[in-house]
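# Structural description and commentary
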Amino acid sequence: MSYDLIVKGGTVVSASDTFVADLGVVNGKVAAVGKLDAEAKTLVDARGKVVIPGGIDAHTHFDMPFMGATTIDDFTSGSTAAVFGGTTTVVDFAIQQRGKTFRHALDEWHRKADGKTAVDYGFHMIVVDFPEEQEAEMDKLVDEGVTSFKLFMAYPGIFMSDDATIYRALARTKDNGGTVCMHAENGSVIDVLVKKALAAGRISPEWHALTRPMTLEAEATHRAIALAEVAGVPIYFVHLSAGDAMDEVRAARERGLPVYAETCPQYLYLSHEDYKRPGFEGAKFVMSPPLRPEGNSARLWAGLKRNDLQVVSTDHCSFCMKAGKNKPGKELGRKSFAQIPNGAPGVEYRLLLLWDAVQRGVISENRFVEITATAPAKLFGLYPRKGHLNPGADADIVILDPNQRHTFTRQNHHSAADYNPYEGVTVKGAIRDVFVRGAAQVLGGRWTGRTTHGRFLKRAPRAA
Ligand code: URP
Ligand code: ZN
Ligand code: ZN
């Protein structure tokens, strides 16, 4: 047997096991795992290194218009940042426009991504307008491999759906096998708090967080779980930030309900204190839900260990602080925190931030693989093609050097964002090599690939 690529002697980590082995790759797929004494066109020495399945980031916003701005990372820069961070698959959010079909949005997102993406990619659909006539179109999208639909309980007048609409969308997934992804914050009440704060002259970034209390995330989470229970379908919570919201998820799961949730590194590593940075610096961390008070992240870490939370995605939604490339930035909100475009970059930092938690003994290396690759692959219809390195899987392979250190800084990241939320933070571990379907995109920490290599992924519907 002759292989295209052999990755030799690395410590292979899966969601369940850790063992030393060689990986043999043929035609972009893992063909063998074990001791391989065979020919290969390319041989990569991974001795003393950690070999993991490429990360799957189930939550990115590349080239997304939002709040008067557009995210600074398009599919090329965003996916390049993903590769350097060891992520080989993203699931990005297409946005339906009010009064337009899902098809219209999907075509637009295909145009944004096709031939311009370094990693494989799928799409979720953001549901903005869902009259009854739209329901059948949801089934068609599922058939085309766009199997998840994000609805918002926040952002009234922009994205927010009422409970009846949410219930109808959930109920429709019972037969079509789609999954509803929920942004759970009580947007109506937040709006009142925002107006009150602004009327009192509270305009600084910190007020973004002070007007979005944890209780309003927990309330919306509870309500959405109730709607999913009545509809008799699973539900997935995106960017869960509050320990109180996680408690709602845990209580539902303890009752046997198919409720799932992701959190994001920013809620594990940053806190409300970051809004108190001098001047307008706090705007870097304006996102929804907001960063939570110190102490909250310990609850999320405990939840990750207990499997109350199943996935860590990034919600990569990068805006510059200053306007650039003809795109307005966070400065839009200098006179009102409510005008600061919500979101922050993250796709490049996720794996190393979480690997650092492995090094510190907070989570096991197997749990690390599960929450960054295997679980998102299973929940979003990408398994068994992606999310593991057994024979038959796509050869999305990351070789991580556990003995090197990496310092996060704007100077070395590959996002087009003009700041790094983790500026100056050093972690133990560095991404050395990254293969997407067997193609070397990064070798020795240097770009060797093509930004056109990524392919659209038709995802499978949920198993009944
Ligand atoms: O602040 C955030 N999270 N921006 C992106 C949009 C969303 O709600 O995911
Ligand atoms: Zn959201
Ligand atoms: Zn998001």
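Up top you'll find the structure we're talking about.
Residues numbered from 1 in each chain as written. Chains lettered and ligands numbered in written order. Predicted model: local features only at pLDDT ≥ 70, side-chain atom pairs only at ≥ 80, totals over all residues. Heavy atoms only, no water.

A few words on the packing of aromatic side chains. If you walk through the whole model with that rule in mind, you get 20 aromatic pairs. A centroid spacing of 5.3 Å and a plane angle of 75° characterise the contact between Trp355 and Phe368, whose relative ring orientation is edge-to-face. On the criterion of sequence distance, the pair formed by Trp355 in helix 11 (residues 350-359) and Phe368 in helix 12 (residues 365-379) is long-range, its members being 13 residues apart. Each member of the pair, Trp355 together with Phe368, is buried. One aromatic cluster is present, built from ring pairs that chain together Phe62, Phe75, Tyr121, Phe123 and Phe456. Its end group placed over the ring of Tyr155, Arg212 keeps NZ or CZ at 5.6 Å from the ring centre. (Phe/Tyr/Trp six-rings, centres within 6.5 Å; stacked < 30°, edge-to-face > 60°. Helix = DSSP H or I, 4+ residues; strand = E, 2+ residues; numbered from the N terminus. Buried < 20%, exposed > 50% of the residue type's maximum accessible area, 1.4 Å probe, protein only. Lys NZ or Arg CZ within 6 Å of the ring centre and 35° of its normal.)

Attention shifts here to the site of ligand 1. Around ligand 1, the structure places 13 residues, and the nearest of them are Lys150, His183, Ser288, Asp315 and Asn342. Between ligand 1 and the protein, one listed contact pairs an oxygen atom with a backbone N or O atom of Ser288 at 2.8 Å. Asn342 places a main-chain nitrogen or oxygen 3.1 Å from a nitrogen atom of ligand 1. Taken by itself ligand 1 offers 270 Å² of open surface, and the protein chains cover 100% of this. Most atoms of ligand 1, that is more than half of them, are within 2 Å of grid points of the largest cavity. (Near = heavy atom within 4 Å. Polar contact = N/O pair within 3.5 Å; in protein donor to acceptor, adjacent residues only side chain to side chain. Areas by Shrake-Rupley, 256 points an atom, 1.4 Å probe, with all protein chains shown as cover. 1 Å grid on protein atoms, 1.4 Å probe; cavity = no way out; pocket = protein on both sides within 12 Å on 5 of 7 lines; lining within 4 Å. Sits in = over half its atoms within 2 Å of the grid points.)

It is worth spelling out the packing of helix 4 (residues 163-176) against helix 7 (residues 214-231) at this point. Where helix 4 meets helix 7, the axes come as close as 9 Å, and the angle between the chain directions of the two elements is 45°. Between helix 4 and helix 7, the angle is such that the two are oblique. In this structure, the crossing between helix 4 and helix 7 has a hand that is right-handed. Within the contact between the two elements, helix 4 uses Asp163, Ile166, Tyr167, Leu170, Ala171 and Lys174 and helix 7 uses Arg223, Ala224, Leu227, Ala228, Val230 and Ala231. Across the contact of helix 4 with helix 7, the residue classes break down as nine nonpolar, no polar and three charged. (Axes fitted to C-alpha atoms, helices over the stretch in contact; angles between N-to-C directions. Parallel < 35°, antiparallel > 145°, perpendicular 65-115°, else oblique. Left-handed = near helix turned anticlockwise from the far one by under 90°. Contact = heavy atoms within 4.5 Å. Nonpolar A, V, L, I, M, F, W, Y, C, P; charged D, E, K, R; others polar.)

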